[in-house]
Amino acid sequence: VQLQASGGGLVQPGGSLRLSCAASGSIFDIDFMGWFRQAPGKERELVAGFTQSGDSNYADSVKGRFTMSGDDATNTMYLQMNSLEPEDTAVYYCNARSRRSGRHYWGQGTQVTVSS
């Protein structure tokens, strides 16, 4: 599985960004997709994710502000981020998990900076 993330950038507090993650390869083998982020000096954390069965999960810090969605036709996952805060500044990574092996695949990361 190959993941290509895009959409990061610099935005003012209160602004919005939409991240995209295009998946290719053994798409049929994926049972989980999600977004993680890593801020300087901090561990990588789950931002949002959903399973093939339809269960979704959001970090408490982003509930009500971030929304995940997907387009099966293009194998693309999105993260709509609204009401961005400086604390959201991080490198964002898309992630997919193999159903058969449990292996996690990572995109290359995209920088999101929230600053005035």
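Okay, so let's go over this structure.

Focus: the pairing of strand β9 (residues 90-98)
Then step 1. Most of β9 is tucked away: seven of the nine residues are buried.
Then step 2. Where strand β4 (residues 30-38) and β9 come together, eight bridges link them in antiparallel fashion. Bridged to Met-33 within β9 is Ala-96.
Then step 3. Sheet analysis places β9 next to strand β11 (residues 110-114), joined by three bridges and oriented antiparallel. Bridging across to β11, Ala-90 finds its partner in Val-112.
Then step 4. As paired elements, β9 and strand β10 (residues 104-106) share three bridges and run antiparallel to each other. Residue pairing for β10: Asn-95 is matched across the bridge by Trp-106.
Then step 5. The loop that links β9 with its antiparallel partner β10 comprises five residues; one of these, Gly-102, has a positive phi angle of about 80°.

Focus: the environment of Tyr-93
Then step 1. Positionally, Tyr-93 belongs in strand β9.
Then step 2. For the pair Tyr-93 and Gly-34, spaced 59 residues apart in sequence, the C-alpha to C-alpha distance is 8.4 Å.
Then step 3. Look past the residues within four positions of Tyr-93 in its chain and what remains in contact with it is Gly-34, Trp-35, Phe-36, Gln-38, Arg-44, Trp-106, Gly-107, Gln-108 and Gly-109.

Description of the sheet that holds strand β7 (residues 66-71)
Then step 1. If you walk across this open sheet you meet the four strands as β1-β3-β8-β7, and the pairing is antiparallel. What marks the edges here is a single partner per strand, and that holds for β1 (2-6) and β7. When strand polarity is set aside, the average angle formed by the axes of neighbouring strands in this sheet is 15°.
Then step 2. In terms of strand pairing, β1 meets strand β3 (residues 17-24) through five bridges, oriented antiparallel. What sits directly across from Gln-4, in β3, is Ala-22.

A short note on the pattern of salt bridges
Then step 1. Applying the stated criterion across every chain yields a total of seven salt bridges.
Then step 2. Where Arg-97 meets Asp-31, a salt bridge forms, and the shortest distance between an N and an O atom there is 3.0 Å. Highlighted residues: Arg-97 in strand β9 and Asp-31 in strand β4, separated in sequence by 66 residues.
Then step 3. Among the salt bridges present, the one from Glu-85 reaches Arg-65, with a minimum N-O distance of 3.9 Å. Taken as a pair, Glu-85 in the loop between β8 (76-81) and β9 and Arg-65 in the loop between β6 (56-58) and β7 lie far apart in primary sequence, 20 residues in all.
Then step 4. Assessed through its relative accessible area of 10%, Arg-65 is described here as buried.
Then step 5. When salt bridges with common partners are traced through the structure, they connect Arg-37, Glu-45, Arg-65, Glu-85 and Asp-88 into a single cluster.

Conventions we followed
Residues numbered from 1 in each chain as written. Predicted model: local features only at pLDDT ≥ 70, side-chain atom pairs only at ≥ 80, totals over all residues. Heavy atoms only, no water. Buried < 20%, exposed > 50% of the residue type's maximum accessible area, 1.4 Å probe, protein only. Helix = DSSP H or I, 4+ residues; strand = E, 2+ residues; numbered from the N terminus. Pairing = 2+ DSSP bridges. Contact = heavy atoms within 4.5 Å. Axes fitted to C-alpha atoms, helices over the stretch in contact; angles between N-to-C directions. Salt bridge = Lys/Arg side-chain N within 4 Å of Asp/Glu carboxyl O.

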